[in-house]
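Below are the chains, spelled out letter by letter.
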Amino acid sequence: MAQASPTGSTRPVKAVVLAAGHDLETRELLLRPLASSTVVEQTLATVVRVVPPDQVVVVSAEHDPRVRQLLGPGWNHVVQTVQAGTGDAVRCARHQLAGFDGDVLIVYADTPLIRSASLRGLLNRHRLKQAQFSLLTARTSHPGEYGRVERDAQGQISAIVEPSDPAASDPSPSFQNDPAAPDPSPFFQNDPAAADRSQVEATTADGGVGPGVSAVAAAVAGEPSPQAAEVNVGAYLIDNEVLISQLDAMARHGEHRLTELARRLMAQSCRPSSYTILDPDELQGINSADQLALAADVVLKRLFSPQHAVETAQISFGTGGWRARIGEGFTIHNVRRLSQAIANQVTRDGRERQGVVIGGDRRFLSKEAAESAAEVFAGNNINVFLLPEDVPTPLVTFAAPHLGAAYGLVFTASHNPPQWNGLKVFRHDGSLPLADQTDRYQDEANALSQAEVVAVDLGVARAAGLVREIDLTAAYIDAVEQTVDVQAMRARPGLKVAVDPMHGTSQLTLGMILSDARCHTTFIHTTHDPLFGGHSPAPDPERLQTLAKMMRDGGYDLGMATDGDSDRIAIVDQRGEHISTNDLLLLLYWYLHQVRGMTGGVVRNLATTHLLDRLAAHFGEPALEVPVGFKHITFGMAQIGALLGGESSGGLTIRGHILGKDGIFACALVVEMLARTGQSLSQLLAGVHAITGRLYALETGMPATPAMRVALPRRMALAAPAEVAGEGVVTVDGSDGVKFRLDSGAWALLRFSGTEPVLRLFAEAATPQRAQALIDWLSDFALSA
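Residues numbered from 1 in each chain as written. Predicted model: local features only at pLDDT ≥ 70, side-chain atom pairs only at ≥ 80, totals over all residues. Heavy atoms only, no water.

Draft legend 1. Examining the overall build of the protein more closely. Scanning the protein from terminus to terminus reveals 29 helices and 35 strands. Out of the 785 residues in the protein, the part that is buried amounts to 58%. Here the protein displays about 29800 Å² of accessible surface, and carbon together with sulfur accounts for 51% of that area. (Helix = DSSP H or I, 4+ residues; strand = E, 2+ residues; numbered from the N terminus. Buried < 20%, exposed > 50% of the residue type's maximum accessible area, 1.4 Å probe, protein only. Areas by Shrake-Rupley, 256 points an atom, 1.4 Å probe, with all protein chains shown as cover.)

Draft legend 2. Structural context of the packing of helix 24 (residues 611-619) against helix 27 (residues 681-692). With their axes 9 Å apart at the nearest point, helix 24 and helix 27 run at an angle of 75 degrees to one another. Relative to helix 27, the element helix 24 is oriented roughly perpendicular. Packed against helix 24, whose contacting residues are L611, R614, L615 and H618, the element helix 27 presents V688, H689, I691 and T692 at the interface. Of the residues contributing to the contact of helix 24 with helix 27, the split by class is four nonpolar, three polar and one charged. (Axes fitted to C-alpha atoms, helices over the stretch in contact; angles between N-to-C directions. Parallel < 35°, antiparallel > 145°, perpendicular 65-115°, else oblique. Contact = heavy atoms within 4.5 Å. Nonpolar A, V, L, I, M, F, W, Y, C, P; charged D, E, K, R; others polar.)

Draft legend 3. Here's a closer look at the sheet that holds strand 19 (residues 420-426). The sheet built from seven strands is open, its strands ordered 14-15-19-18-16-17-20 with mixed pairing. Either end of the sheet is taken by a strand with one partner, and the two such strands are strand 14 (317-318) and strand 20 (467-469). Where strand 15 (residues 321-325) and strand 19 come together, four bridges link them in antiparallel fashion. When the sheet's bridge partners are listed, W322 is paired in strand 19 with L423. (Pairing = 2+ DSSP bridges.)

Draft legend 4. Structural context of the packing of aromatic side chains. Overall, the coordinates contain eight aromatic pairs when judged by the stated rule. Through successive ring pairs, a cluster of aromatic residues spans F317, Y407 and Y441. The ring of Y556 is capped by K496, whose NZ or CZ atom sits 4.6 Å from the centre of that ring. The ring of W747 has K739 sitting right over it, with the charged end atom 4.3 Å from the ring centre. (Phe/Tyr/Trp six-rings, centres within 6.5 Å; stacked < 30°, edge-to-face > 60°. Lys NZ or Arg CZ within 6 Å of the ring centre and 35° of its normal.)

Draft legend 5. Inspection of the pairing of strand 11 (residues 157-161) at higher detail. In the sheet, strand 10 (residues 148-151) pairs with strand 11 via four bridges, with the strands oriented antiparallel. For R148, the partnering residue across the bridge sits in strand 11 and is V161.

By themselves, these figures tell us nothing about what the structure is for.
Okay, structure coming up:
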């Protein structure tokens, strides 16, 4: 990766990663697991985001081959025979650096938490300052054994003071002999810019592995003080013309420390440039098992940080497909890479002629993403059925098996805020792929470069007949009307219905179904608005106030809403009162079993009402609890031959319909239930509650900070509570979040959302007051973790 000079020429960069260690223990730590790889592999993964892999030299101990064996022959390996010091470790790479006209980045292998953005910042400042020597610094109020950076009145680095130096006890040595200098101030004493790490240089036997940071652990968790010291982190960028020659000169005097190289260059009037990192977590080196545990927490915390998506641009599937912020993770570049990965799987399976069906919702970039995906599949000689305009997700779920396609793809972020978009993938039968399959898609996509994506222009693909536009609106409506009883709906003339599609995709299809049913239907919020009226297109009670008012004031029999991509439903009754999805599932299960005469059990996720279990038991049918994610619902339905599957968030389907949630179908089924029974929702619900009794469910959420995602699981692992809000815990289920089942039959659940940065809290109990007490306890528990 060449670095541009101010004159427009390029100046290349190589990297030397020091992994020789100074003893067996430090080398052992480099091989220990960290996240999905090891400490040394995590460090190298950061470096190669800045320097090409073939320009990276790894220095390891000659007598300990484990680092070389772990990394394999794909790296440029050199060995250090005797661990004489960090400078000596760099000298071991002299042959790889011989004749190189550029700069050398030096990084310690035990610093996997330094961000690639920090290394880029160092490279950029080095270039802009036209420096011969630059170093990475940080601020911390707990400098420990780090070398402290001192600056002069102009803010230039004047010294790197090690804790063992005689002047180290003086807080402002750079001013003590300068009568013209201003009074020492925190700005000049601590202003970020450069230095070296102490333990790195506290011994000449460190072999190139970076400093310990035992004193930094406290700084990682705390706020830096106004008097925070600037310290040398230990990553350097040096002009190769001076690097080896200076190290050789030092070696002739028995000096092998990189800190001494910095001092030597400053003594020769070479003022170093610097870049100051801002994240204290980056200071966490790894020289002990305790530090490795702290580092693991930092890595986990970063995975859940919004900045992670910005820095890595990685594709990651959750419970509802791939979702990311537009312009950060969701880019046309990533759409093409993911499409190529799925196209590769189609090719491996030999299903090119079956093709894929592709559509998109009303979000920003959905149309462009669908067309870009079509170009990639066509470029791979795979037939594409491209759905025109915007389409509801259930239509794509239906389309895959209807057309016999290998996959169905719909670009949507469902109910997420307008700033998000994403992709839902459906298998040939319309079901969602399980985690092992989506992991393969995302891993292959993330490994692809743009140059490895095969695509053709959409116009060329259309002319060649590989991309065909197809309108499946009528076919999907026919499928819904074959499952619901349209004649029964028509038998109750004048049913007055209000629908809020929330600026989403349900109006066309649901409107045609309700028209066929002879309902008097009024739609609101129908315009094509990618901002969804300025809020998330989620049919939550607080967003249904307009619909509720229409019910109260307009004499409507039923109010219905769907989310942005039309796979979720919400209901408001004739009094303007919200009917929870828990109660709706209960009503529909009763209706299908008792009025339609259908049989079979019920499948719900672990956040959905246990009243479904009571009703199933009353019918002599099985009930099954599964993790959150509709793919688990449909898999569970196949396991027990269930009649109904649903989740409290608004998704449901029934046996014989598509293998995915369908808000449009659900709306039609509710209209059928009202038409066929001739009763209102409130009347029907009172009858069902007479069978099951009452439980009251509550749900809320709070922002899920990265630190919370680390602390909660650890707290549960150390000591799970024996009581929740004063009630004994019968079981604790940690399969998907943490669910407490209590003595009274009540339950409480903490679960991090798989689609949003939110911690969700659920509770169900015999009274509303008791349910609220459980929610309050969960909130306190989460915040105190």
